[in-house]
Amino acid sequence: MIVAFGHVMMTFHRAEAVCDLIAGFASVRSSLVGVDGHAPHRAQPGTQFGASATSVVWLGGPEHSVVAHSRYVPEQRRTVHWADLHMGPITWRITDRVGYDTLMEELRRVHRTAVGVFVDGGRFRRDPTKILDAFDNA
């Protein structure tokens, strides 16, 4: 299954890899404290002419780590917060809640498709965007 998000194309061979990728994004939620609701996107010079594309083949579930950042911006006279999700060869920078919530909505659709398409889909029906804790098994 091939999924394209902007200029990033990801190829999956198993539902397990899809679930692990989505679980990595779900783990970012707790690091988004202080992140703006909708951060302005600064245009980079030359984006009107073309942009580089990245293609990743996820053979297995990617390992991930989340790092929360903040920096005082004197021009805006405030502290800006964001989170970096390091996932194998890609680092995703989450800068606003609207973008994150929209991405999670799309990833839920990808999950439903993966469960229906892949042979191992039946084992990964549980929604990976829901993070379980110790009380869920009680």
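Above this text is the structure in question.
All of the points below concern the structure found in this document.

Cut-offs used in this document
- Each chain has its residues counted from 1, following the order in which its sequence is written.
- For this predicted model, a pLDDT threshold of at least 70 governs which residues receive local features, and a threshold of 80 or more governs which side-chain atom pairs are given and counted, while totals over whole chains, interfaces and linings are taken from all residues.
- Computation of side-chain values: all heavy atoms of the structure, hydrogens and water removed.
- Think of it this way: any DSSP run of H or I at least four residues long counts as a helix, any run of E at least two long counts as a strand, and we number them from the N terminus.
- Here, two residues are considered to be in contact whenever any of their heavy atoms come within 4.5 Å of each other.
- Take the buried residues of types Ala, Val, Leu, Ile, Met, Phe, Trp, Tyr and Cys, join any two whose side-chain atoms come within 4.5 Å, and each joined set is a nonpolar core.
- Burial classes: relative accessible area under 20% of the type maximum marks a residue as buried, over 50% as exposed, and values in between as partly exposed (1.4 Å probe, protein chains only).
- One bridge is not enough; two strands pair if DSSP finds at least two bridges between them.
- By definition here, a salt bridge exists when the distance from a side-chain nitrogen of Lys or Arg to a carboxyl oxygen of Asp or Glu is within 4 Å.
- N or O atoms closer than or at 3.5 Å make up a polar contact, with two conditions inside protein: a donor-capable atom paired with an acceptor-capable one, and, for residues adjacent in sequence, both atoms drawn from side chains.
- All axes are obtained by fitting lines to C-alpha atoms, using only the stretch in contact for helices, and the reported angles, taken between N-to-C directions, cover 0 to 180 degrees.

This next bit is on the overall build of the chain. Looking only at helices and strands, the chain features 2 helices and 6 strands. The secondary structure elements of the chain, listed N-terminal to C-terminal, are β-β-α-β-β-β-β-α. Counting only contacts in the chain whose residues sit at least 6 apart along the sequence, the fraction spanning at least 24 positions is 64%.

Membership of the largest hydrophobic core comes to 31 residues, with the highest contact counts inside it found for Met10, Phe12, Leu21, Phe25, Trp58 and Trp92. At 8 residues, helix H1 (residues 15-26) tops the list of elements feeding residues into this core.

With that settled, the discussion passes to the pairing of strand S2 (residues 8-12). Along S2, 4 of the 5 residues are buried, which leaves the element largely enclosed by surrounding structure. As judged from the 4 bridges shared by strand S1 (residues 2-5) and S2, these two strands associate in the antiparallel manner. When the bridges of S2 are listed, Val3 appears paired with Met10. Hairpin connection from S1 to S2: 2 residues lie between these consecutive antiparallel strands, with Gly6 at a positive phi of about 65 degrees.

The next subject is the pattern of salt bridges. Note on pairing: side chains with opposite charge can pair once their charged atoms come close. Overall, the coordinates contain 5 salt bridges when judged by the stated rule. One salt bridge in this structure joins Asp84 and Arg93, with 2.8 Å as the shortest N-O distance. Classification of Asp84 by relative accessible area gives buried; the value is 5%. A salt bridge links Arg109 to Glu106; the nearest nitrogen and oxygen atoms lie 2.5 Å apart. With Arg109 and Glu106 both in helix H2 (residues 97-117) and 3 residues apart, the pair spans about one turn of that helix. A relative accessible area of 38% places Arg109 in the partly exposed class. Note on Glu106: relative accessible area 33%, which makes it partly exposed.

Inspection of the secondary structure assignment puts Thr129 in the segment after H2. Within the local environment of Thr129, its side chain forms a polar contact with the side chain of Asp127, the two groups lying 2.7 Å apart. Setting aside anything within four residues of it in sequence, one finds Thr129 in contact with Ile22, Ala26, Arg29, Met104 and Arg108.

A separate point is the sheet that holds strand S5 (residues 78-87). Hydrogen bonds along the backbone pair up the strands of a sheet, which may run parallel or antiparallel. Read from one edge of the open sheet, 3 strands run S4-S5-S6, paired in antiparallel fashion. Edge strands, defined here as strands with exactly one partner in the open sheet, are strand S4 (64-73) and strand S6 (90-94). Mean inter-strand twist for the sheet, computed between neighbouring axes without regard to direction, equals 25 degrees. Bridge count between S5 and S6: 5 bridges; the pairing is antiparallel. Bridged to His86 within S6 is Thr91. Lying over the sheet, H1 contacts S4, S5 and S6, oriented at roughly 160 degrees with respect to S5.

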